[in-house]
Amino acid sequence: MAASMKLGSKSEGFLRRGQAWFCTTGLPSDVVVQVDEMTFHLHKFPLMSKSGLLEKLITESLESRDQLRNQDDEDEDDEEQRGCVVQLAGIPGGTESFELAAKFCYGVKLELTASNIVPLRCAAEYLEMTEQLGEGNLIVKAEGFLNQVVLRSWKDSVRALQSCEKVLEQAEKLQIVKRCVDSISSKACTDPSLFGWPLMDHHLTMQSPGGSVLWNGISTGARPRNSRSDWWYEDVASLSLSMFERLVAAMEVRGLKPDIVAGAVMSYGKRYLPGLNRRRGEGGGGGGGGGSSSARSGLYSAPVTTLSEVDQRILLETIQRLLPAQKGVVPVRFLFGLLKLSMLLGASSDCKASLEARIGMQLEQAGLDDLLMPNYSYTVETLYDIDVVQRIVEHFLSSDGGGSSVNTLGNLVSLSYDHDGSPNNGAVTPMMQVAKLMDAYLAEVAPDVNLKMGKFQALAESLPEYARLVDDGLYRAIDIYLKAHHWLTELEREKLCRTMDCQKLSLEACTHAAQNERLPLRVVVQVLFFEQLQLRTAIAGCFLVSENVEASRPAYQNPRDAASGAAAAAAAAASNRAAAGGGGGGEGWANVLRENQVMKVDMDRMRSRVIELEKECTQMRQEIEKIGNGKSGGGGGGGVKSSHAVLAASMMSSFSLAKKLGCRSRPHALKPQDVMKPPQPAPPPEDDLDEGSLKAAAAAARAAGVAAPQVRRRHRRTHSLV
């Protein structure tokens, strides 16, 4: 509720008829006061007792009337001669202020508010309604209400400052504007929760146990609102540009945070510049950009008048000048919006240059849609303004954003990478972000047939070589440009392709470039050469990892533990290699590492299977030796048959074990000479071996995949088996 103060005790004593006011006291009027186009029929005594100016004017008017009466005594009209006419030209506040001053002179009831106190105070000063004419005159009453009530309230201070626009010259002389600005700036720089109710009705702090707001210990039923740093944005946005500019200057002097000042300036710009109001994506600076409390409470719901093009240009240049110069305080999207509007409204070159420099300081925060600025010049045929982006990139390189980045190729080795070969978020520098942004921008503007190759190449080469770890994005932009500009000669294509570094292309990009018919032959040969070089490096790295794992692998007792340990060591070596310098190959190098890891695990598994097969063969040899040494003298024929049967069974069991382990067996996989033969016992004489035993041994050997043992035909004396 707005603060007010009532003066006077008499009931309404004025009556308006058209363009004239009449006093209804019953006495005839003896003085006529003309204010602009309005006429006030009043009485001399009440006016002369309160206003020094009216006393002087009425006295002069009466003296002039007496002089005229002495000069012309023949024509006297009693009605005209009794009347006194006073002209008040230029009274502050016009007819409204004089009406209130006249009511005060008559003691009629009137109400002082934050909206009429400033014009009335200026009118009282103009009419010289001082304490010399009477105690408790209008100047003292107005000053007391202004200082004790209006300036202590945020809402009333803003309304009083708004009313200063009507009487700006007189308000400046009386220091009313300065006092209002100081009151508003001090409250904006203070925590809003300290104001409370009813000094500021936006943020209510005293609460009952139920959560409602308390006023003098009585529950009001209202629910408290959260304190926000942007609660005053919409309130000050209702001020004129000159008042707002003075208010921002006062806030900066008081040390208000730059992000909060930027939020207020942005809110003011969105209110009056339609082009900025359509850009809803940016935030409200550091202080938050949400709707303010005044907007929610409906204090200033009057529609915003559309400014002319000249006024919009003046407002745009003022907003650019009021924005804090600190980096990162103003969102880059808002700066791009101002830049586009400045190009559309034809702002000054200094304004455009300042905006371009601000954007260049924080170019890494921009998006692709921000850079796509339409070309408003009729002399340039390109769809987008390439020159502006070129200048912004130059500002970025000359600012701290380009200088603080990694500026040497050697420093790139110290960056950390993810498992897929791409740099992690902590290692991405502003220079890398801008390089990625420029690659996307080049790919977007490349289809423009009016884009000259010189501009395209200059923009691509504007960033240093270390800005791009991988040139896949640049290759894509060049490929799109070559596709849209198919009339380029072979020499021009080669010149354009020199912009990218073929060594920085990933394996996928190399594969695509090797089959790209739009690329010059020389470039294709270079791509193939570096692709083969990358493959050789990857293979060499695989062998290096394999040797390191083999050398550092502990002697596991269990083959499965050996396989798992080798896989873990290979994975650790691959990750270490990727972290040390695997970013150059990008995603292709990561794929090679993963394939190497899988191959290494398979090799370890095969090694463990071979070890088990060797153990099985050792057991087979031991069994054969036992059979040969334990042969009895009386059972020669039966012993031979049993030995061959055991041999066949052992061979069959070994191959079944190999199949279980995943090895494929073929009949010619093992040769008799590859198997270590155990010492054979002396076979019986040829005459003592029956034909059935020999056939059975041969059949068993063939089934086992081993050649049938040859019987040494040697005559030796032995026991008779019969």
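Each remark here, short or long, concerns the structure printed above.
First, a word on scope: everything that follows refers to the structure included in this document. Residue numbers restart at each chain and count upward from 1, following the sequence in its written direction. Confidence filtering applies because this is a predicted model: local features only for residues at pLDDT of at least 70, side-chain atom pairs given and counted only at 80 or more, and all residues used for totals across whole chains, interfaces and linings. To get the side-chain values, take all heavy atoms of the structure and skip hydrogens and water.

Below, the discussion takes up the overall build of the protein. Counting from the N terminus, the helices are DSSP H or I runs at least four residues long and the strands are E runs at least two residues long. Within the protein, the secondary structure is distributed over 30 helices and nine strands. When a residue's accessible area, from a 1.4 Å probe over protein chains only, is under 20% of the maximum for its type it is buried; when over 50% it is exposed; and in between it is partly exposed. By the burial criterion, 44% of the 722 residues in the protein qualify as buried. For this analysis, residues touch if any pair of their heavy atoms sits within 4.5 Å. Long-range contacts, defined here as pairs at least 24 residues apart, represent 72% of the contacts in the protein between residues at least 6 apart. For the protein, the exposed area adds up to about 38,400 Å²; of that, 53% sits on carbon and sulfur atoms. Here the open area of atoms and residues is found with the Shrake-Rupley method and a 1.4 Å probe, where only the protein chains shown may cover a residue.

Below, the discussion takes up the nonpolar core. To form a nonpolar core, buried Ala, Val, Leu, Ile, Met, Phe, Trp, Tyr and Cys residues must be joined to one another through side-chain atoms within 4.5 Å. The biggest cluster of nonpolar side chains holds 152 residues, and the ones touching the most others in it are F98, W232, L363 and Y441. With sequence-adjacent residues up to four places away left out, W232 is seen in contact with W154, A188, M251, L256, I260 and A264.

Before going further, it helps to spend a moment on the pairing of strand β2 (residues 14-17). The side chains of a regular strand alternate between the sheet's two faces. Whether two strands pair comes down to DSSP finding at least two bridges between them. In terms of strand pairing, β2 meets strand β3 (residues 20-23) through four bridges, oriented antiparallel. The partner of R17 across the bridge, within β3, is A20. In this antiparallel pair of consecutive strands, β2 and β3, the connection spans two residues, and G18 shows a positive phi of 65 degrees.

Whenever Lys or Arg places a side-chain nitrogen within 4 Å of a carboxyl oxygen from Asp or Glu, that contact is recorded as a salt bridge. Enumeration according to the criterion identifies 17 salt bridges in this entry. For K178, the salt bridge goes to D182, with nearest N and O atoms at 3.0 Å. One end of the pair is K178 and the other is D182, both in helix α9 (residues 176-188) and four residues apart, which spans about a single turn. The shortest N-O distance in the salt bridge between D370 and R333 comes to 3.3 Å. Linking D370 in helix α18 (residues 368-371) with R333 in helix α16 (residues 332-345), this pair joins segments that are 37 residues apart in sequence. Its relative accessible area of 1% is what places D370 among the buried residues. Here the residues in one salt-bridge network are R121, E125, E143 and R179, joined through shared partners.

To continue, consider helix α25 (residues 507-514). Listed as buried for α25 are L507, A509, C510 and A513. Along the axis of α25, the buried residues cluster in a sector spanning 160 degrees; they form a single face. Of all possible arcs, the one meant is that of the directions from the helix axis to the C-beta atoms.

Turning to the environment of M5, a few remarks are in order. When you line up the elements, M5 lands in strand β1 (residues 4-7). Between the C-alpha atoms of M5 and L110, which are 105 residues apart in sequence, the distance is 8.3 Å. Those residues in contact with M5 that lie beyond four places of it in its chain are L110, E111, L112 and F145.

Another aspect to go through is the environment of V248. Along the polypeptide, V248 turns up in helix α11 (residues 241-253). Sequence separation between V248 and V181 is 67 residues, and the spatial gap between their C-alpha atoms is 9.3 Å. In contact with V248, not counting residues within four places along its chain, are V261, V265 and L322.

Only one face of strand β7 (residues 110-113) is covered, namely the face carrying L110 and L112; the face carrying E111 and T113 is uncovered. In terms of strand pairing, β1 meets β7 through four bridges, oriented antiparallel. Paired with L7 across the two strands is L110, which belongs to β7.

Looking now at the packing of aromatic side chains. Think of a pair of aromatic rings as described by two things: how far the centres are apart, and how the planes are tilted against each other in angle. Only centres within 6.5 Å qualify two rings of Phe, Tyr or Trp (six-membered ring in Trp) as a pair; their planes then separate them into stacked at under 30 degrees, edge-to-face at over 60, and tilted for everything else. Evaluation of the coordinates by the stated rule reveals eight aromatic pairs. Centre to centre, the rings of F456 and Y481 are 4.6 Å apart; their planes meet at 20 degrees, and the pair counts as stacked. Note that F456 is positioned in helix α22 (residues 453-460) and Y481 in helix α23 (residues 472-484), a separation of 25 residues in sequence. Taking relative accessible area as the criterion, F456 reaches 1% and is therefore assigned buried. Classification of Y481 as buried rests on a relative accessible area of 1%.

A word on the sheet that holds strand β4 (residues 31-35). Taken in spatial order, the five strands of this open sheet run β2-β3-β5-β4-β6, and their pairing is mixed. Looking along the sheet, the strands with just one partner apiece sit at the ends: β2 and β6 (85-88). Ignoring which end each strand starts from, the neighbouring axes of this sheet average 20 degrees apart. Inspection of the sheet shows β3 paired to strand β5 (residues 38-42) by three bridges, in the parallel sense. When the bridges of β5 are listed, F22 appears paired with H41. Axis lines are fitted through C-alpha atoms, for helices just across the contact stretch, and the angle between N-to-C directions can take any value from 0 to 180 degrees. Helix-sheet contacts for helix α4 (residues 94-106) involve β2, β3, β4, β5 and β6, and the interaxial angle to β5 is about 10 degrees.

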